[in-house]
Amino acid sequence: MTAPPPDLGPPLRPTWVEIDPAAIAANVRAVRAVTAPVPVWAVVKADGYGHGAVTAARAALEGGAEGLAVALVEEGEELRAAGVDARLLLLSEPPPGAEARVVAAGIEPTAYSAAAVEAMARAVAGRGGPGAVGGPWPLHLKVDTGMHRVGAAPGAAPGLARLVADRPELRLASVWTHMAVADEPDSGFTAEQADRFAAACAAVEAAGVPVPVRHAANSAAALAHPATRLDLVRVGIAAYGIAPSPALAGAVDLVPALRLVSRVAHVKVVAAGEAISYGQRYRVAAPTTVATVPVGYADGVRRALGAAGGVVLVGGRRCPIAGTVTMDQITVDCGPRAAVRPGDEVVLIGRQGVAEVTAEEWAERLGTIGYEVTCGIGARVPRRVRPRSATPGEPGP
Ligand SMILES: *Cc1c(COP(=O)(O)O)cnc(C)c1O
């Protein structure tokens, strides 16, 4: 949750994230155009990869997503509290004891152990209130085909599927798996996982349990491995307009949905020979104009970004982060005699005029992936949702 603390008035610090729901909707449409007729379910875990879960969910549904997926029961509850009534897949087993809340929120859980299947059956049997009407509860059986994070061993899948089928409170809604290297298009292991998955599904059916829906693909697999699309694809990162990996940049036209923006708080000229910020790692050979911007590593601007060559946009120009990123502020080298003033807009991620800094650019500098960049933007930064109007991806007002 990124909600600001209650009743403290509007944020005073001019640092914010701007979310463009039209971009998310357009990205889901773009992926659907590639995967059609296979439906897209949008993954909105981790606060919609930092974009705001409710904003992301609504935009993805508007773009034609047929369901949503979350990592935590609480994430599902947040969506329900906001009135999102789409189908909601929980990507892991509920923590023991959470089953009644799964039922109360109308969440469709994943399971990969007999204990989780039985706990869900008990929770459904004991349900009361408005949820008490309705048939067997949909449960999704996850098979581990090589990622080795969570999932049932393929050999255990038929027995678990039988357990679900034998429980009148439950029905097997899907069998699914998750790919480990789909973002490396040249790896043969995705095909290997797909083969193992097909065999596991066949074994479930041979045990007498029909498999109504199969799914395996994340964004990378959906785009780069058509054979893994099966009956639905679970798309996260692409919905936010970020390529799953450099190898997949340009696989489909995506529009970044997030801008990280601030304003210059303080300007000074630093003399030749002086150094800027902690550790004096950025020493200037000639006098230069330095702008201080109120955003720092507590907001998700990683401390290493200065040394890694990170830039921000000021006045439509790429200007280097001058030295070490501090907890609450960065210093920016705007160059000699730069016409920069307190209040000027600074873009850390996103477009300003024709210039652009992407989450992928940060990721490359920091040795990580775009996912970690947007998920890392702290809850201290308010999310502003861009009014629905103009072209997706155009900087807002
Ligand atoms: C996060 C996640 C996804 C979405 O992955 P992207 O690479 O963001 O598309 C799909 N399936 C599972 C199980 C996940 O955990």
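Rules behind the numbers
Residues numbered from 1 in each chain as written. Predicted model: local features only at pLDDT ≥ 70, side-chain atom pairs only at ≥ 80, totals over all residues. Heavy atoms only, no water. Phe/Tyr/Trp six-rings, centres within 6.5 Å; stacked < 30°, edge-to-face > 60°. Lys NZ or Arg CZ within 6 Å of the ring centre and 35° of its normal. Domains from an automatic or database assignment. Contact = heavy atoms within 4.5 Å. Buried area = accessible area lost by both parts, 1.4 Å probe. Near = heavy atom within 4 Å. Polar contact = N/O pair within 3.5 Å; in protein donor to acceptor, adjacent residues only side chain to side chain. Areas by Shrake-Rupley, 256 points an atom, 1.4 Å probe, with all protein chains shown as cover. Helix = DSSP H or I, 4+ residues; strand = E, 2+ residues; numbered from the N terminus. Pairing = 2+ DSSP bridges. Axes fitted to C-alpha atoms, helices over the stretch in contact; angles between N-to-C directions. Core = buried A, V, L, I, M, F, W, Y, C linked by side-chain atoms within 4.5 Å. Buried < 20%, exposed > 50% of the residue type's maximum accessible area, 1.4 Å probe, protein only. Parallel < 35°, antiparallel > 145°, perpendicular 65-115°, else oblique. Nonpolar A, V, L, I, M, F, W, Y, C, P; charged D, E, K, R; others polar.

### Topic: the packing of aromatic side chains
Then step 1. Evaluated as defined, the whole model comprises two aromatic pairs.
Then step 2. The rings of Tyr49, Tyr240 and Tyr371 are connected pair by pair, giving a single aromatic cluster.
Then step 3. We note Arg384 situated over the ring of Trp16; from NZ or CZ to the ring centre the distance is 4.1 Å.

### Comments concerning the domain arrangement of the chain
Then step 1. Domain assignment breaks the chain into domain 1 (21-245) and domain 2 (258-385).
Then step 2. Placing a centre on the C-alpha atoms of domain 1 and another on those of domain 2 gives a separation of 38 Å.
Then step 3. Facing the eleven residues of domain 1 at the interface are nine residues of domain 2.
Then step 4. Approximately 920 Å² of surface area, both sides summed, lies buried where domain 1 meets domain 2, with 65% of it carried by carbon and sulfur atoms.

### A few points about the site of the ligand
Then step 1. Taken together, 14 residues lie around the ligand, and Lys45, Tyr49, Ser219, Ile237 and Tyr371 are the ones closest in.
Then step 2. Between an oxygen atom of the ligand and a side-chain N or O atom of Tyr49, the distance comes to 2.5 Å.
Then step 3. Separating a nitrogen atom of the ligand from a side-chain N or O atom of His178 is a distance of 3.4 Å.
Then step 4. When isolated, the ligand has an accessible area of 390 Å², and the protein chains bury 94% of it.
Then step 5. Secondary structure elements with two or more residues in the shell around the ligand: α2 (45-49) and β9 (232-235).

### Side note on the environment of Ile377
Then step 1. Structurally, the position occupied by Ile377 is in the loop between α11 (370-375) and β20 (383-385).
Then step 2. Placed 175 residues apart in sequence, Ile377 and Ala202 show a C-alpha to C-alpha distance of 43 Å.
Then step 3. When sequence neighbours within four positions are dropped, the list of residues in contact with Ile377 reads Val17, Leu258, Leu260, Asp299, Gly300, Ile349 and Arg383.

### A look at the environment of Glu66
Then step 1. Turning to its location among the elements, Glu66 is positioned in the loop between α3 (53-62) and β3 (67-70).
Then step 2. Along the backbone, Glu66 and Val301 are 235 residues apart, and their C-alpha atoms lie at a distance of 34 Å.
Then step 3. Discounting residues that sit within four places of it in the chain, Glu66 has contacts with Pro39, Val40 and Trp41.

### Here's the deal with the sheet that holds strand β17 (residues 330-335)
Then step 1. As summarised here, the arrangement of the three strands in space is β11-β14-β17, forming an open sheet in which the pairing is antiparallel. Two strands lie at the open edges of the sheet, namely β11 (266-270) and β17, each paired on one side alone. Put simply, the sheet's adjacent strands are angled 30° from each other on average, direction ignored.
Then step 2. Bridge count for strand β14 (residues 288-293) against β17 is five bridges, and the pairing is antiparallel. Looking at β17, one finds that Thr289 is bridged to Gly335.

### Some remarks on the sheet that holds strand β8 (residues 214-217)
Then step 1. Strand order in this open sheet of eight strands is β4-β3-β2-β9-β8-β7-β6-β5, and the pairing throughout is parallel. Strands with a single pairing partner mark the edges of an open sheet, and in this sheet they are β4 (88-90) and β5 (110-111).
Then step 2. Relative to β9, strand β2 (residues 40-43) runs parallel, the two being bridged by three bridges. Pairing of Val40 across the sheet is with Val233, part of β9.
Then step 3. Along the sheet, helix α6 (residues 114-125) makes contact with β5, β6 (137-142) and β7 (170-176), crossing β7 at roughly 140°.

### Considering the nonpolar core
Then step 1. Residues Leu79 and Trp362 are the most contacted members of the largest nonpolar core, which totals 113 residues.
Then step 2. Residue-level mapping places this core at the junction of two domains, with at least three residues from each of domain 1 (21-245) and domain 2 (258-385).
Then step 3. Those residues in contact with Trp362, other than ones at most four positions away along the chain, are Leu260, Gly300, Val301, Leu305, Leu348, Ile349, Val357 and Val373.
Then step 4. In terms of nonpolar packing, the next biggest core, distinct from the first, is built from six residues, Val270, Ile276, Val290 and Ala322 among them.

### Describing the side chain of Ser262
Then step 1. As for its placement among the helices and strands, Ser262 is situated in strand β10 (residues 258-263).
Then step 2. A distance of 3.1 Å separates a polar atom in the side chain of Ser262 from the backbone oxygen of Pro14.
Then step 3. At 2.8 Å, the side chain of Ser262 forms a polar contact with the side chain of Thr15.
Then step 4. Among residues more than four places away in sequence, those in contact with Ser262 are Pro14, Thr15, Trp16, Val293, Pro294, Val295, Asp344, Glu345, Val346 and Leu348.

### Looking at the packing of α6 against helix α7 (residues 157-166)
When two helices pack together, their arrangement is given by the angle between the helix axes and the distance between those axes.
Then step 1. The contact between α6 and α7 brings their axes to 10 Å, and the two run at 10°. It follows that α6 is roughly parallel to α7 by the angle criterion. Residues Ala114, Val117 and Glu118 of α6 lie in contact with α7, whose contacting residues are Leu160, Leu163 and Val164.
Then step 2. Looking at side-chain class alone, the contact of α6 with α7 contains five nonpolar, no polar and one charged residues.

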